[in-house]
Structures are given as structure tokens and as C-alpha cells.
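Analysis of the macromolecular model
Take a look at the letters that make up each chain.
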Amino acid sequence: MARALVHIAALIAASVAGAANADELVPYNIVSDGIAESLTGAPGDAARGRALVLARTTTCILCHSGPFPETRFQGDLAPDLSGAGNRWTVSQLRLRLVDAARFNPETIMPSYYRTDHLVRVGRNFAGKPILSAAEIEDIVAFLATLRD
Amino acid sequence: MSFWRAIAAAALLATGPALLAGEILPDARRSGYSFMGPDTRAMQDDDTSNPGMLFVLDGEALWTKRTGSADKACADCHGDARGSMKGVAARYPAFDKALARPVTLDQRINLCRSNHQQAPALPYESRDLLALSAFVAHQSRGVAITAGDDPQLKPFVDQGRDLFMQREGQLNLACTNCHDDNFNKRLAGAPITQGQPTGYPLYRLEWQTLGSLERRLRSCMTGVRAQAYDFGAPELVALELYLMSRAHGLPMETPAVRP
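Small disclaimer: the values here were computed from a predicted structure and weren't measured. (Residues numbered from 1 in each chain as written. Chains lettered and ligands numbered in written order. Predicted model: local features only at pLDDT ≥ 70, side-chain atom pairs only at ≥ 80, totals over all residues. Heavy atoms only, no water.)

Before going further, it helps to examine the domain arrangement of chain B. Many descriptions give the size of an interface as the accessible area lost when the pieces come together. Residue and element names in this part refer to chain B. When the domains of chain B are assigned, the result is domain 1 (52-138) and domain 2 (144-258). Computed over C-alpha atoms only, the centres of domain 1 and domain 2 are separated by 22 Å. Taken residue by residue, the interface counts 25 residues in domain 1 and 26 residues in domain 2. Between domain 1 and domain 2, the buried area comes to about 1,900 Å², and carbon and sulfur atoms account for 71% of it. (Domains from an automatic or database assignment. Contact = heavy atoms within 4.5 Å. Buried area = accessible area lost by both parts, 1.4 Å probe.)

The following block contains the structure:
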């Protein structure tokens, strides 16, 4: 919790300073093991979320498989996403996407909404999170519908 | 701890300090060849269907062609490559005394051009440089890799290992996350191998041409959305050296074919 507050304080300080990365990140509040409130203040769109998860540029199915019969190109480096909505609350799913390393510091799952503690980020990606707040919300809304 | 990590850690106790936890044991090292389907293997195995052999033939012609203001051919100094170049690529990158650092085979070819032929350097990934390095490396086909054995190279091998273990890019992944911890698995349906550098330069069906090891490393870096090092950068040379030392004992395959 203390770490979370420091994190949020740092984000706010950065946005006051107007740093490039801060334009991209909205502050969020970590409550126990999740983020209870929507990053955009509005619910996401599950249909858009499904399309995002399937898009290669979003990178999820590089590692994960799931209930996606239409695509052969799914990874097996990570758990199948089927049933994720049973195993996790919306709040937990949101934090998992924002910063999976909080659950497991060794995880290979990227932190989709974080711009600090990264090394040699490519010029076109520097200072930007992998996904926008709205994209995170759409994906969270979709994952919550995966109930086996 | 993954299965491989556990084995490597156990071996560490048994064999001394050569390997770090997570690194692949000598007996478990496998070329990318062993991960391929039968069609791609057949294409590599048969010289008449291996598209890399066209580059080897071009390289053979360049070997005897005089060039530069010295008007000398490679063959004027090195004679018949079948004898003089056998096993050479298996020990590259090698330590260069004058430069006091390792140089890759491509860099050695360009050093010969500037020092002995008085010819301009060939650009990285140019057809002539790929052809010459494919021709030279082909003379080592079947020879066991020994690069990195020279004790002068140790700090550079260590640098390469650190880079291999370092997470980088927007996706925050290290080489080791895929090539030590997750080989045999599938990334978006495509098999991940151990990333052994046995066949370079090699013909990648995806590229539709021959390419260098550095080209491959740069595309893995771009894949994790990291800023790729420039061709010839000391970091890429160190990574190349570490990869070759990590492949110690595996036979050279140049020109390999990969999907």
C-alpha cells in the first residue's frame, strides 16, 4: 500500500511537471489487490475489448490462448484466458493489466499501463504505455465476460 | 523455478562456475534446426534446394576476384578457402589484438578489405558481404563451435551475457525469458527455439533472403519494442559472442534455412 501511494504520488508529481510520459497516464488508486475504479470513469466496451485482445499489436495472444476459435495463432507461454472472469474480479483484472509485475515481480507479462523502470524503449514507444486507459477498460470489460 | 532452471542449477553445483542458473546445459543445447518441420529441414539439407547456396556460390566468385587499389583477391592471401577457412567461422567473433576487442566475421572481412585490399567497406546486409561471409562460414559446416574460448574475450562474453539477461523495451522482456525459459513453447503459434546462432548467415523464409545474426538480433529487439543497437555496435558484437559461446560444441550449419 505504501508503495502504491508513492507510485501515485510520483505519477501526480510527473503530471504537474508536464513530463511526456505523464500526459499518457491517468492516476489510479490501488485498493487491496486491485484498481476498483475505471481508469476513464466509464465502463469499457466488451466487443471492442475482444477485438483488441485478438489484434496482434495488442500482444495478448502472442502469449495467451483463449476461447477464440477463429484464430490459429495463439501462444502457450501463459494461462488460457477462458474463465478469467470467474477467477478474478474486475478490480483485479484491471490491476493485472495495468501492472502485472505487482502480482509477481518475475512475471513475463508486460505492464500495459506503466512507463517507468523500462530500459531502451524504442524511439516510437518511449514515454507511452502499451495500451491507453480506454483500451484497458475495453479489455477488462471483455475479460469479465469470460465465464467458461 | 522452471524445469530447465532446476537442471541448470543442479549442474552448477556439479560442474563448477561455467553456467549461471537458467542457462542451458551443454547436453540440452539444440539448434533451431531441430525445432523445424520436415519440409524446411529438407530444404536446408539438400544443397540444390537450399537458397542460401546461391549466396555461397556468389561468395566463392568474390573470393578469387581482385579488388581495391591493392588489386588483390582474398585468395591471393588465403589460397584455397576449403583448407584455410575451415573452422574459422566456428571461432568468431574473435579477439583482434590491434583493436583490443572482439570482431565479427563481417567486420574481419571488412578489415581485410581496408587493410589488405585497400577497398571500401561493404555495407552490413549487402549482398556481397553476406555472400562472402556465407562462403567463409560454409567452410566450417559441421565444425563444432568454439568461439569465446580465448581468455582475452572473457569480459566481452560477460557483457554479452548481461545483455542477454537484461529486460528491455516497452514489453520489458529479456532474451533469456524466451530463449532459456520458454523454448519449446509457442509465441503466437510459432515455435520459440533456444536462439542458437549455428547457421548464420542464413536464409529466412520470412525475409525471402539471406541475413546476418545481427539482423536477427535486431528483429528480436524490435519485437520487444526496444531501440535496436546499430549494426556493428559493441553491444551487438558482445551478444553475438555470448550466443556463440552459449552454443559451444554445436556444429555450424551455414547456410541454414529457418522459417
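Facing the 27 residues of chain A at the interface are 21 residues of chain B. Across the chain A/chain B interface, buried area totals approximately 2,100 Å², and carbon plus sulfur atoms make up 54% of it. If you sort the residues of chain A by the area they bury against chain B, L77, I108 and R120 of chain A come out on top, with a joint share of 29%. Inspection of the chain A/chain B interface yields zero salt bridges. Between chain A and chain B we count twelve residue pairs in polar contact (both at pLDDT 80 or more) in total. (Salt bridge = Lys/Arg side-chain N within 4 Å of Asp/Glu carboxyl O. Polar contact = N/O pair within 3.5 Å; in protein donor to acceptor, adjacent residues only side chain to side chain.)

This part covers the packing of aromatic side chains. Counted according to the given criterion, the structure contains seven aromatic pairs over all chains. Judged by centre distance (6.2 Å) and plane angle (75°), the rings of W88 of chain A and F103 of chain A are edge-to-face. Placement of the pair is W88 of chain A in the loop between α5 (84-87) and α6 (90-99) and F103 of chain A in the loop between α6 and α7 (133-144), with a sequence separation of 15 residues. Of the residues examined, W88 of chain A reaches a relative accessible area of 31% and is grouped as partly exposed. Taking relative accessible area as the criterion, F103 of chain A reaches 28% and is therefore assigned partly exposed. Taking the centre distance of 5.6 Å and the plane angle of 15° together, the rings of Y124 of chain B and F231 of chain B count as stacked. (Phe/Tyr/Trp six-rings, centres within 6.5 Å; stacked < 30°, edge-to-face > 60°. Helix = DSSP H or I, 4+ residues; strand = E, 2+ residues; numbered from the N terminus. Buried < 20%, exposed > 50% of the residue type's maximum accessible area, 1.4 Å probe, protein only.)

A few words on the nonpolar core. Counting residues in hydrophobic clusters, the biggest one holds 55 residues, and the most contacted among them are V53, Y113, I136 and L143 of chain A. The set of elements that each furnish at least two residues to this core consists of α3 (46-54), α4 (60-63), α6 and α7 of chain A together with α8 (154-165), α10 (213-223) and α11 (234-246) of chain B. Discounting residues that sit within four places of it in the chain, I136 of chain A has contacts with L39, L97, V98, Y112, Y113 and L131 of chain A. Residues V56, M85, Y92 and V136 of chain B belong to the second largest nonpolar core, which totals 34 residues. (Core = buried A, V, L, I, M, F, W, Y, C linked by side-chain atoms within 4.5 Å.)

Quick look at unusual backbone geometry now. Among all residues except glycine, the phi angle is most often negative; among peptide bonds, the trans geometry is most common. Residue and element names in this part refer to chain B. For the bond running from Y92 to P93, omega is 0°, close enough to zero to count as cis. Here P93 is to be found in the loop between α5 (81-84) and β1 (94-96). The amide bond that connects Y200 to the next residue, P201, takes the cis arrangement and shows omega of -10°. Looking at the secondary structure, you find P201 in the loop between β4 (190-191) and β5 (202-204). With phi around 85°, N184 is a residue other than glycine that occupies positive phi space. Locating N184 in the fold gives a position in the loop between α9 (175-179) and β3 (186-187). For N184, a relative accessible area of 47% translates into the label partly exposed.

What follows covers the side chain of H179 of chain B. All names here are of chain B. Examined against the element boundaries, H179 turns out to sit in helix α9. For H179, the side chain forms a polar contact with the main-chain oxygen of T193, separated by 2.7 Å. Ignoring sequence-local partners within four residues, the contact set of H179 consists of I24, F164, I192, T193, Q194, G195, C220 and R246.

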